[in-house]
Amino acid sequence: MKEFITDRLVIRRFKTDDWKDLYEYMCIPNVIFYEPYEVFNEEDSVNAAKNRETQGEESCFWAVCLKEDNKMIGNLYFQKQEPEDFMTWEIGYVFNPKYYGRGYATEASFKMLEYAFEELKAHRITAGVNMNNTKSWRLLERLKMRREGLFLQNVFFKKTADGKPIWHDSYRYGMLASEWFENKSKYSKVTTFEF
Ligand SMILES: CC(C)(COP(=O)(O)OP(=O)(O)OC[C@H]1O[C@@H](n2cnc3c(N)ncnc32)[C@H](O)[C@@H]1OP(=O)(O)O)[C@@H](O)C(=O)NCCC(=O)NCCS
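The chain has the name Ribosomal-protein-serine acetyltransferase in an unreviewed UniProt entry, where Clostridium zeae is given as its organism.

And the structure:
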């Protein structure tokens, strides 16, 4: 199975045993506030970890673990978009709040961009983020992804009690392979994490 090692992290495929670490952050309402699903209970967490393990290399989820103690502190979402020959992937991330503010999500996402552009030969990486999710779009900007637009009320994931859509205004970010290679020399701050 493929895995990636960075300065502080191991990014690998999920195992069923990850469910407790997954539950630790997926049960928190604030963590999934902008996500298209509800909080996970213990059973949801076991099922999700198990499915992600079963799907193996086909899964769009990657577990992000601390090198020092193997603690699973978050996950990346990395999914090829249709049509296949556009060579475009979408990136996303959800991390355990105990580990915010230390650059772990940036470090993991940076590795995924490197994998995408340098191994998979991606043409474009894209990400969508609620305009109020400042931590998320700041991360994308640390990665030097480019804000491509603000889409008003373009998506909803949940409805109010009386069935009305809760619309999100969202930014779309993108990066082309040409931009990745142009920017590479300017990434020293990201790769050494000297923010
Ligand atoms: C989005 C999310 C992963 C961002 O978490 P984060 O901790 O802000 O991101 P990072 O791990 O990259 O850490 C960056 C922060 O650590 C700081 N930092 C400290 N040490 C650092 C280091 N060595 N390297 C890089 N950054 C470091 C940075 O300055 C930055 O802080 P700032 O935003 O106050 O400037 C997190 O908020 C989350 O999981 N949210 C819930 C799920 C979600 O909304 N996902 C996105 C849906 S679109």
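Now for the nonpolar core. Across soluble globular proteins, nonpolar side chains show a tendency to be buried alongside one another. Counting residues in each nonpolar core, the largest one holds 38 residues, and the members touching the most others are Leu76, Phe78, Phe95, Met112 and Ile125. Top contributing element to this core by residue count: helix α3 (residues 104-119), with nine residues. Filtering out sequence-adjacent residues up to four positions away, Phe78 remains in contact with Cys60, Trp62, Trp89, Glu90, Ile91, Met112, Tyr115, Ala116, Leu120 and Ile125.

Below, the discussion takes up the packing of aromatic side chains. Applying the stated criterion across every chain yields a total of 13 aromatic pairs. Ring centres of Phe33 and Tyr34 lie 5.0 Å apart, and the angle between their planes is 90°; this geometry places the pair in the edge-to-face category. Relative accessible area serves as the criterion here: at 52%, Phe33 is assigned to the exposed category. A centroid spacing of 6.0 Å and a plane angle of 10° characterise the contact between Phe78 and Trp89, whose relative ring orientation is stacked. Of this pair, Phe78 sits in strand β4 (residues 72-80) while Trp89 sits in strand β5 (residues 88-95), and the two are 11 residues apart along the sequence. An identical accessibility class is assigned to Phe78 and Trp89; each is buried. Through a chain of ring-to-ring contacts, three or more aromatic side chains come together here, namely Phe4, Trp62, Phe78, Trp89 and Tyr115. The ring of Trp62 has Arg13 sitting right over it, with the charged end atom 3.7 Å from the ring centre. Over the face of the ring belonging to Phe14 we find Arg52, whose NZ or CZ atom lies 4.9 Å from the ring centre.

Three or more residues of helix α4 (residues 134-142) are buried, namely Ser136, Trp137, Leu139 and Leu140. For α4, the buried positions fall inside an angular range of 150° around the axis, keeping them on one side. Of the surrounding secondary structure, the elements contacted by the buried residues of α4 are β5, α3, β6 (124-130), β7 (146-159) and β8 (165-176). Lys144 lies just past α4 and shows a positive phi near 70°.

On to the site of the ligand, then. With respect to spatial proximity, 22 residues lie near the ligand, and among them Tyr93, Phe95, Gly101, Thr106 and Arg138 are the closest. Note that an oxygen atom of the ligand is positioned 2.9 Å from one of the backbone N or O atoms of Gly103. Look at the ligand: alone it shows 950 Å² of surface, and the protein chains cover 81% of it. Contributions of two or more residues to the shell around the ligand are made by β5, α3 and α4. In terms of residues, the shell around the ligand owes the most to one element, α4, which gives five residues. Split by residue class, the shell around the ligand holds 10 nonpolar, six polar and six charged.

Glancing now at the pattern of salt bridges. Scanning the entire structure with this criterion turns up 16 salt bridges. A salt bridge links Arg8 to Glu107, with the nearest nitrogen and oxygen atoms 2.7 Å apart. Here the residue Arg8 occupies a position in the loop between β1 (4-5) and β2 (9-12), and Glu107 occupies one in helix α3, the gap between them amounting to 99 residues. Exposure remark for Arg8: the relative accessible area of 28% places this residue in the partly exposed category.

Criteria and thresholds
Residues numbered from 1 in each chain as written. Predicted model: local features only at pLDDT ≥ 70, side-chain atom pairs only at ≥ 80, totals over all residues. Heavy atoms only, no water. Core = buried A, V, L, I, M, F, W, Y, C linked by side-chain atoms within 4.5 Å. Buried < 20%, exposed > 50% of the residue type's maximum accessible area, 1.4 Å probe, protein only. Helix = DSSP H or I, 4+ residues; strand = E, 2+ residues; numbered from the N terminus. Contact = heavy atoms within 4.5 Å. Phe/Tyr/Trp six-rings, centres within 6.5 Å; stacked < 30°, edge-to-face > 60°. Lys NZ or Arg CZ within 6 Å of the ring centre and 35° of its normal. Arc of directions from axis to C-beta. Near = heavy atom within 4 Å. Polar contact = N/O pair within 3.5 Å; in protein donor to acceptor, adjacent residues only side chain to side chain. Areas by Shrake-Rupley, 256 points an atom, 1.4 Å probe, with all protein chains shown as cover. Nonpolar A, V, L, I, M, F, W, Y, C, P; charged D, E, K, R; others polar. Salt bridge = Lys/Arg side-chain N within 4 Å of Asp/Glu carboxyl O.

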